[in-house]
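Results of the structural survey
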Amino acid sequence: MKKILLTLGYMMCTFWGFAQESVFIEAESFKEKGGWVIDQQSFDVLFSSYLMAHGMGRPVEDAQTTIEFSEGGNYHIWVRTKDWAPFPTGPGEFELSINGQPLETSFGVSGSADWDWYYGGEVNMKKGENAIVAEDLTGFNGRFDAIYFSTSKENLPPNDNEELLAFRKKMLNLTEDAEDVGQFDLVVVGGGMAGTTAAISAARMGLKVALIQNRPVLGGNNSSEIRVHLMGRVDQNHYPKLGRIVRELDNGDPGNGNPDGDRYGDERKLAVVQAEPNISLHLNTHVYEAEMDGNTIVAVIGRNIQTNQEYRFEGKYFSDCTGDGTLGYLAGAEFRMGRESRAQTGESLAPENADDFTLGTSNLWASLEREEPSDFPETPWAIQFSDEYHIDANKADWQWETGFGNFNTIYEAEEIRDHNLRAIFGNWSYLKNNKEDKYSHHELAWVAYIGGKRESRRLMGDHVLTQMDIQDGIIYPDGCVTATWTIDLHFPDEKNSQYFEGEEFFAATKHIKVQPYTIPLRSLYSRNIDNLFMAGRDISTTHVAFGSTRVMRTCGMMGEAVGYAAFVANKRACTPREIYTDHLDEFMGIIESPLNIYNYPSLPKN
Amino acid sequence: MGEFNSKNYLFLILLLMGAVDLPTIFRDEGSQFSPPKELVHSLETDSIRYDLWLVTENDGFPAHYYAEIFTPVCYSDKCYPVFTEFYWDLLGNFRHYEMPPGKALTKNDHEEFQPQEYQKMQEILSNESSLLGEYKAEDLVVEQREEMAQGVDAVTGATLKTLQNEVISGAVYSCYTLWHIAHGEISELVKAHTEGIQSDKMIHRFLQSQNHKYQYWAIDQVVQEDGSINKPFTESLLGILRGKNIFIAQYLLEKLSDKEFAHAEKQEWLWQTFKSSPYRLQMAILDKMTDIKIQKEIQLPLIQQLKRSNPAQQDKLIHLLGEQNRLSKPAQEELLAYLDHDKWGDEVYRILEQQKDKIMEVREALAQHKNLQQQK
């Protein structure tokens, strides 16, 4: 019975001392989502996902659920929500109905951007099953986190996110109940290009692997949810057999933000992973706790972003392929975030003083030309444009980017995404209402609600890759992953800065050309966590070097290398560091060709 | 009708079919009428020959400039020289080009432009921040040769790819030369000439136009360094604050002196403007009002706005009220309701405390409030 309640994602608690009844419902656990989407991007802030009505200006279908009340009667109801664009009030208005009766007040238009509990009045609940419907009124990203019923008006849940986490756990009975998934040789956290290739390469070497991804699809920035194309080359490789898994996952190049999401190959990636018997795949699972034994990770706890069920994965080795460096952070790994100073790294491209500047996050979008003209509403709550400044484009490319140190890419991910949406919708509204000649028949076909992040934490390894490593083309003995992309450090577009200083959403770049160079193994494991690898954009580099290593074919090759490294470590029962110190030839032999692990007799020579 | 060759017919057919969005690039002689114009400048060098004209409207008011231009556009002899007409607005901003009857643009090997390439040329020339401005002619040719020799390389291709959007294949040097004519010396000449003939009438027209470049220029002419306005322009100028261009409205608001809003009438006007403004301008108006002594006519509406505002605006409203010490009786009465407010209670107490002419109710409420605080 407990399990059933858990999967429904709510719990009724009775506090006998006060004779109060209370019921807590997570929005993301609604049985029917309708057109609402689950957003877990702020899990590390809110410790929860939420539901969002991402309709690009058209109200989405209702979300609905049913809940059992053990006691009927009058209950006070609160909804945890926010006004995501309080300028002065936002567009995210929605209503809740209980048993077909709308609450007197609507939500999402308070003028305050802080998540909070909003009182919805007193409602009469039946004993037994009750129906709740969330009706989106605008299609512009209204959202809610949870609903709370209580017989006492004084019994308001906490609003502080950490206190609320404890409260959620208590109400959902999650406290000690993480379900054990099993023991693995390698636990890969993050299912973008790097994580997916890491899992595949390790699995093919015979390791038992768990691959944990916090979205319903694999591929990360290259998935249909974000739609960034793969860059970096695999054909100029010092070790040409590395990159083959990347090729398997590569679905062709649809460019950035293509309106046809199928072209990014979610299904291909999933099929390749599902074909691996050694991979235990866990989609929709966000890792948010690490169990440590000294400097060794013993297990990670992930939480299903929909049901809130918690799962525990034990592992010998772990790989942080989260992009954000989430696992490293949870484990206490050393990391850097932002730019180092020139004095610190000796890099000519580093700034004089260290700062918090990071590359930004993109929410790509595209429109399509239709046979019939269409309208788009005025958006006074969005960023305002005029003839003097607007972006005259029918789709986005990489330049649509927010961050640049104005926002923290991890802890303000929601604000960044929302800022991007305000730029997209404001600009689109301007084009549709002021440039009818050009745009009357164009209609938004797709707008990403998942932000495509470029830069977050960089976990520190035994080697920190620098601009000099790249430009001098130093080949270290453990140099294993070949990278080819320019040093491509975005900055706010000058004109965009002139109009939106401190809140830029459009980027420019300068490409510093490089010759193919190698990334050493020592940049692919943590210097202070004994069993932690990393692959992807969170590896051990300086900010400047990251500008080149961060592209996704290159990240995928890092994943392949980490899979092979985990194989060597597992076979030799050693730490990642000891691969470098004691087993480097074996590792580099596999990088040269995985077949080198087999002791085939050499063919007779003529 | 004069000369009307097959190319013109083809283009006309395309136009009638709706296939071409025509930016008045081709002009046949039949459609030409001659508005009044005066010669501003002539130049003839090895690389360019042109006459620059100021065209006026029928009432004699300046309308725009244009130049009849002759220039060779490539290093080799593989393309024909160009005869074209360029148009600028009164401040030297390039507007468009036209091809005189019988003239054409050509690419390498004398290949004539396709209709869409004329259109593309218009887009290229209209982009005032084009990368073409950052290149030297020689660099372009070198880049092109490298590209030809090596193919498009992903490692080195990023810059080239960007540049490819700024030029027409086979006519790179034409694009470069014509862009630099559109945005070069002639543009400066035009602006200098307009400044030499500027008048109050011109400034009024500029302020009232929908052309933000004219408006910026005119604002800079009539708003003095201390932020005061030359009187005759007040109305035209303030109209910009209520216009559709938020950027110029903000620019103007920042530039104007607080003294311009000293009188009640102007403050009421500004408050009405606030009500119909987009959020960002509303915030700028509240910032502006913080430095102004608020007249009694809008004190009450300001306080009443608290209920209709979001937290960020409420903070600004409270802040600007905190700068006032002569609030009217109705304003003090209205503010009293916030004396026990969770967030602003203390600030409201301070605001009321600093009033020079406290009404009886305020004096009593403050005393009571103080007693209560002491008891706590």
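Everything numeric in this text was worked out from a predicted model, so none of it was measured. (Residues numbered from 1 in each chain as written. Chains lettered and ligands numbered in written order. Predicted model: local features only at pLDDT ≥ 70, side-chain atom pairs only at ≥ 80, totals over all residues.)

1. Let's talk about the overall build of chain B
- The secondary structure content of chain B amounts to 17 helices and five strands.
- Buried positions account for 27% of the 376 residues belonging to chain B.
- Sequence-distant contacts in chain B: of pairs separated by 6 or more residues, those separated by 24 or more amount to 58%. (Helix = DSSP H or I, 4+ residues; strand = E, 2+ residues; numbered from the N terminus. Buried ≥ 20, exposed ≤ 12 C-beta atoms within 10 Å, placed from the backbone. Contact = placed C-beta atoms within 7 Å.)

2. Looking at the overall build of chain A
- Helix and strand counts for chain A come out as 16 helices and 30 strands.
- For 606 residues, the compact-globule formula gives about 25 Å, and the C-alpha radius of gyration of chain A, at 25 Å, lands near that figure.
- Taken along the three principal axes of its C-alpha coordinates, chain A extends 90 × 60 × 45 Å.
- Relative to its full complement of 606 residues, chain A shows a buried share of 55%.
- A fraction of 77% describes how many contacts in chain A between residues 6 or more apart in sequence connect residues 24 or more apart. (Rg over C-alpha atoms; globule rule 2.2 N^0.38 Å.)

3. A closer look at the sheet that holds strand β3 (residues 62–71) of chain B
Residues and elements named next belong to chain B.
- The sheet built from five strands is open, its strands ordered β1-β2-β3-β4-β5 with antiparallel pairing. Each edge of the sheet is formed by a strand with only one pairing partner; in this case those strands are β1 (37–44) and β5 (94–98). For this sheet the average axis-to-axis angle between neighbouring strands, irrespective of direction, equals 20 degrees.
- Relative to β5, strand β4 (residues 82–88) is paired through four bridges, and the arrangement is antiparallel. (Pairing = 2+ DSSP bridges. Axes fitted to C-alpha atoms, helices over the stretch in contact; angles between N-to-C directions.)

4. Some points on the environment of H110(B)
- Tracing the backbone shows H110(B) in the loop between β5 and α2 (115–126).
- Along the sequence, H110(B) and P81(B) sit 29 residues apart, while their C-alpha atoms lie 10.0 Å from each other.

5. Description of the nonpolar core
- Core analysis: the biggest nonpolar cluster contains 88 residues, and V188(A), V209(A), L524(A), A535(A), M558(A), A561(A) and A565(A) have the highest contact counts within it.
- The element contributing the most residues to this core is helix α14 (residues 552–572) of chain A, with 12 residues.
- Counting residues in each nonpolar core, the second largest holds 43 residues, with I203(B), I248(B), L286(B) and L335(B) among its members. (Core = buried A, V, L, I, M, F, W, Y, C linked by C-beta atoms within 7 Å.)

6. Considerations on the packing of helix α10 (residues 246–255) of chain B against helix α12 (residues 279–290) of chain B
Residue and element names in this part refer to chain B.
- For the pair α10 and α12, the least separation of the axes is 10 Å and the interaxial angle reads 5 degrees. Classified by the angle between their axes, α10 and α12 sit roughly parallel to one another. Touching I246, A249, Q250 and L253 of α10 are R280, L281, A284, I285 and K288, all from α12.
- The residue makeup of the contact of α10 with α12, split by class, is six nonpolar, one polar and two charged. (Parallel < 35°, antiparallel > 145°, perpendicular 65-115°, else oblique. Nonpolar A, V, L, I, M, F, W, Y, C, P; charged D, E, K, R; others polar.)

7. Here's the deal with unusual backbone geometry
Residues and elements named next belong to chain A.
- Here the residue pair F87 and P88 is connected by a cis peptide bond, since its omega of -5 degrees sits within 30 degrees of zero.
- Secondary-structure assignment places P88 in the loop between β6 (73–81) and β7 (94–98).
- A positive phi angle is found at F47, which is not glycine, with a value near 60 degrees.
- Summarising the element assignment, F47 is placed in the loop between α2 (43–46) and β4 (50–54).
- Taking the number of C-beta atoms within 10 Å as the measure of exposure, F47 has 17 and is therefore partly exposed.
- For A573, which is not glycine, the phi torsion reads 50 degrees and is therefore positive.
- Since 8 C-beta atoms lie within 10 Å of it, A573 is described here as exposed.

8. Structural notes on the pairing of β1(B)
Residues and elements named next belong to chain B.
- Along β1, only zero of the eight residues are buried, which leaves the element largely exposed.
- As defined by bridge partners, β1 adjoins strand β2 (residues 49–56) across seven bridges and the pair is classed as antiparallel. Following the sheet pairing, E38 is matched in β2 by L54.
- Between β1 and β2, which follow one another and run antiparallel, lie four residues.

9. Brief notes about the interface of chain B and chain A
- With 18 residues of chain B in contact, the opposing surface of chain A contributes 18 residues.
- Contributing elements (two or more residues each) for the side of chain B that touches chain A: α4 (157–164), α10, α12 and α14 (311–321) of chain B.
- A total of three residues in the side of chain B that touches chain A trace back to one element, the largest contributor, which is α10(B).
- Tallied by class, the residues present in the side of chain B that touches chain A amount to nine nonpolar, seven polar and two charged.

10. Brief notes about the sheet that holds strand β5 (residues 63–69) of chain A
Residues and elements named next belong to chain A.
- If you trace the four strands from one edge of the open sheet to the other, you get β5-β10-β7-β8, paired in antiparallel fashion. Both edges of this open sheet fall to β5 and β8 (101–102), since each of them pairs with a single strand only.
- As judged from the two bridges shared by β7 and β8, these two strands associate in the antiparallel manner. Residue pairing for β8: I98 is matched across the bridge by Q101.

11. Focus on the packing of helix α13 (residues 296–305) of chain B against helix α15 (residues 329–336) of chain B
Residues and elements named next belong to chain B.
- Here α13 crosses α15 at 15 degrees, and the two axes come no closer than 8 Å. Taken together, the axes of α13 and α15 are roughly parallel relative to one another. The interaxial crossing formed by α13 with α15 has left-handed handedness. On α15, the residues touching Q299, L300, I303 and Q304 of α13 are P330, A331, E334 and L335.
- Across the contact of α13 with α15, the residue classes break down as five nonpolar, two polar and one charged. (Left-handed = near helix turned anticlockwise from the far one by under 90°.)

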